[in-house]
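# Understanding the architecture of this molecule
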Amino acid sequence: ALADYEGWALFDAVATHGSFRDAAKATGLSVPTVSKAVHRLETALGVALFHRTSRSVTLSAAGERLAVQARAMVVAAAQAEEAARIDAQT
């Protein structure tokens, strides 16, 4: 699960946008792709990250606890990519 960066990043996107549809739109991926990645992460962790109904998606208690770390992971990855780009230019 730790190595599943895509799952963590898409979990963060769904948590941030409040829906799988909006997260898919923001990331340029399909809803099934986002849903499957989050489901793989949930399976690997053994915990539901969201409460899903036909009309809404909300963070579970575990999802709330992990959302801060997921956001930090996504920010750190973006910073690392930016540093690599800067290094490549020098």
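To be clear, the structure that these remarks concern was listed above.
My aim in this report is to walk through the structure given alongside it, one point at a time. (Residues numbered from 1 in each chain as written. Predicted model: local features only at pLDDT ≥ 70, side-chain atom pairs only at ≥ 80, totals over all residues. Heavy atoms only, no water.)

### Some words on helix α3 (residues 31-45)
Here α3 contains 15 residues, and its C-alpha end-to-end distance of 21 Å stays within 8% of the 21 Å for a straight helix at 1.5 Å per residue. The inward-facing, buried residues of α3 contact α1 (5-17), α2 (20-27) and β1 (50-52). Directly after α3, the chain includes G46, whose backbone phi takes a positive value near 75 degrees. (Helix = DSSP H or I, 4+ residues; strand = E, 2+ residues; numbered from the N terminus. Expected span 1.5 Å × (residues − 1). Contact = heavy atoms within 4.5 Å.)

### So, the environment of P32
Looking at where P32 falls in the secondary structure, it is placed in helix α3. Residue P32 is classed as partly exposed on the basis of its relative accessible area, which comes to 47%. Along the primary structure P32 and A84 are separated by 52 residues, whereas in three dimensions their C-alpha atoms are 31 Å apart. (Buried < 20%, exposed > 50% of the residue type's maximum accessible area, 1.4 Å probe, protein only.)

### Here's the deal with the pattern of salt bridges
A complete count under the given rule lists 6 salt bridges for this structure. Notably, a salt bridge pairs E6 with R40, separated by 3.2 Å at the nearest N-O pair. Here the residue E6 occupies a position in helix α1, and R40 occupies one in helix α3, the gap between them amounting to 34 residues. With a relative accessible area of 37%, E6 lands in the partly exposed category. For R40, a relative accessible area of 44% translates into the label partly exposed. (Salt bridge = Lys/Arg side-chain N within 4 Å of Asp/Glu carboxyl O.)

### Some remarks on the environment of F20
Relative to the helices and strands, F20 resides in helix α2. Spatially, the C-alpha atom of F20 lies 27 Å from that of E82, the residues being 62 residues apart in sequence. When residues no more than four places from it in sequence are discounted, the contact partners of F20 are V14, V31, V34, S35, V38, F50, R52 and V57.

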